[in-house]
Structures are given as C-alpha cells and as structure tokens.
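This is what each chain is made of:
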Amino acid sequence: MAAAVSPIESRANLGIGLVLMSQVVLLVLDISAKWLSVEGMATTQIVFMRYGMHLALLLLLFLPVSGFDVMKSNNWKLEILRGTCLLATTGLNFLAMRYLPLTVTSAIQFTSPLIICAMSGPLLGDKVGWRRWLAIGVGFIGILIIVRPGSEAFQPAALLSLGCAFFLALFSILTRKLAGVDSASTQQFFAGATPVILLAPVAFTDWAWPAQPISWVAFFVMGAAGLGGHYLNSVAHRFAAPAILAPFSYLSLLYLSIASWLIFDQPPDRLFILGATIIVASGLYIWLRERKISKPEVTPVNEPA
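Analysis parameters
Residues numbered from 1 in each chain as written. Predicted model: local features only at pLDDT ≥ 70, side-chain atom pairs only at ≥ 80, totals over all residues. Heavy atoms only, no water. Helix = DSSP H or I, 4+ residues; strand = E, 2+ residues; numbered from the N terminus. Buried < 20%, exposed > 50% of the residue type's maximum accessible area, 1.4 Å probe, protein only. Contact = heavy atoms within 4.5 Å. Areas by Shrake-Rupley, 256 points an atom, 1.4 Å probe, with all protein chains shown as cover. Core = buried A, V, L, I, M, F, W, Y, C linked by side-chain atoms within 4.5 Å. Phe/Tyr/Trp six-rings, centres within 6.5 Å; stacked < 30°, edge-to-face > 60°. Lys NZ or Arg CZ within 6 Å of the ring centre and 35° of its normal.

We now examine the overall build of the protein chain. The secondary structure content of the protein chain amounts to twelve helices and zero strands. Ordered by position in the sequence, the α and β elements of the protein chain form the string α-α-α-α-α-α-α-α-α-α-α-α. Per-residue burial for the protein chain yields a buried fraction of 50% across its 305 residues. For the protein chain, long-range pairs separated by at least 24 residues make up 90% of all intrachain contacts whose partners lie at least 6 apart in sequence. Accessible surface computed for the protein chain: about 14,300 Å², of which carbon and sulfur atoms make up 69%.

Okay, here's the thing in structure tokens:
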C-alpha cells in the first residue's frame, strides 16, 4: 500500500495559479514537439522520447527521496487509465501539429472544458452552476471565432484535435479523482511509465536521430517540460475541481500565438485576437466568481453597550 497523501482542499485561487504556471511550462513542450514534427521526425518517436525523458527525470529526482514508494499506487487501475488517456492526448495532438498551426490545434482542444462540465456531474458529483456553464459557453464562442467553420481548422486533421480534447477532458477528470489518493510524484510516474511501456514495441521501428543541434535541445527538453507542467497540474487538481480549472487553460492560447508567430512565422489574425479576448474574459469571470464564493462570510459582532 502506498503512503498516505495530503487530502483534497478547497483553495480555488491556489489551484488556478498552479494551472497558469503549468501552462507556461507546457508551452515549451508544444514548441519542441512542433519543431521536431516540422523536421519530419516520426510521431511515435517524438511521443516516446517525450515520456521516456519524463520518466527518466522523475526517477532521478524522486527515487533518492521517496524510494520505490513513488511507484506504489492506492488505485493503480485509475493510474494506468489516466496514463493511457494522456498518451492518446499527446499522440493525437502531436500528429495534428504536422498539418495545422499551433494556435488552431490548441483552439480546437479547448472544447475540453465543455466535455469536462458534461462529465463532472456523473463522474465526480460536482455541481456546475448555470453561470459557469454560461461563461464556458461564451469561451466556446471565442473558439468558434478562432477556428471559423470552413477554414483550415476543419481539415480532417481537425478531428485529431477533437479526439485530443475528449481524452484531455477524461484525463483531467481522472486527475481530480486521484487527488488525495496518490501523490503528485506517483501520478507522474504512472503518467510516464504507461506511455513508455505501450509505445516501446513500435517506437524503434522507424527511429531517426535529430539532424540539427537545436533539434537535440528540443528532443531532450520535451521530457523536462512535460514532467514539470503535469506535476504542477496534478497538484492544482488537489485544490480545485476540473470545471473550475479548465477555463484557465484558455490562456495558453496567448502564449502559443506569440510562439507560433516568433518561431514558426504563423502570426495570429484579427479574428484570432477577438476570439482569444472573449476566451480570456470568460476565464477571468469564473476566477472573480470563485473568489467571491470562496470568501468566508463575516458575521458582524454587536459591541456591548
């Protein structure tokens, strides 16, 4: 039996802050994967190296501290299912990056908050009020403005990103279910080990090493960024429910649009900026509402005469 971990706490603002930090770290992961895809490296190889480095770094950092406890889970079935969902999310996302800009693949993925809201009730027992549904719906309108039906986002490759959104939503739900069950380090062990084991039989069939020095950097940075970003995300889910955290992943659109412009020469257009503004506004509304709800009510005390 794995060691006891800290229980779930209701600290929405802290959870939101950790998610925002994780988005910055995961930006490095997306840029590295896009770079290797543009270079022509096989998707299975990119995904395998992403999780191989993730797993190696985790064992290097946590084995000396926690020993083999990092590999012990109180619910290994959920951990393996969560790791499989993460593998599906990453594989579909990296494959879509070959054909679509970073901003488009990310925008389509952000249908996941709607999926999360739909599944949070039956799977987690969370209550999602009409105001939060409305804010997320407004955010979804922003996504439609960015994607624009009939544009390149609706190439067949867009279906890959939609599949990614579904598995991302399920991954987020499972992360919440495992909060307070396994430690963040144990969750990250299974998140790395599951994809590595599943991909090992096919990863080396079309192996090719990077051709440029900068590609070697991207090759190894992926794992560190993936580990750091998902570790922060796991901790965040101990403090807030997925339906609260999900809209704030919208902010990564801003980071990705800047990176897409500066690195891949794919600048955002006016409609993208409009859609991103709507998305950010919906996330800020939820944040302000959560602050209001989480503030303890102060009961006035009558002073003695």
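If you look at the biggest cluster of nonpolar residues, it comprises 47 residues, and the most contacted ones within it are Leu 36, Ile 46, Phe 94, Phe 189 and Met 222. Elements with a contribution of two residues or more to this core: helix H1 (12-39), helix H2 (43-66), helix H3 (76-97), helix H5 (112-124), helix H7 (157-178), helix H8 (184-203), helix H9 (213-236) and helix H11 (252-264). Top element by residues in this core is H2. It accounts for nine residues. Not counting the four nearest positions on each side in its chain, Phe 94 is found in contact with Leu 29, Ala 33, Ser 37, Thr 43, Ile 46, Val 47 and Arg 50. Of all hydrophobic cores here, the second largest spans 14 residues; its members include Ala 107, Val 147, Leu 253 and Phe 272.

With that settled, the discussion passes to the side chain of Thr 89. Structurally, Thr 89 can be placed in helix H3. With near-sequence residues (within four places) excluded, Thr 89 lies in contact with Cys 164, Phe 167 and Leu 168.

Let us now look at the packing of aromatic side chains. Under the definition given, this model contains nine aromatic pairs. An angle of 75° between the planes, with centres 5.3 Å apart, marks the rings of Phe 166 and Phe 167 as edge-to-face. Between the aromatic rings of Phe 189 and Phe 190, the centroid separation amounts to 5.3 Å while the plane-to-plane angle is 85°, which identifies the pairing as edge-to-face. For Phe 189, a relative accessible area of 11% gives the class buried. Accessibility expressed as a relative area gives 11% for Phe 190, which makes it buried. Aromatic ring contacts, followed pair by pair, group Trp 209, Trp 216, Phe 219 and Phe 220 into a single cluster. Taking the ring centre of Tyr 51 as reference, the NZ or CZ of Arg 50 above it sits at 3.9 Å.

Without other data, these values stay purely geometric and don't point to any function.
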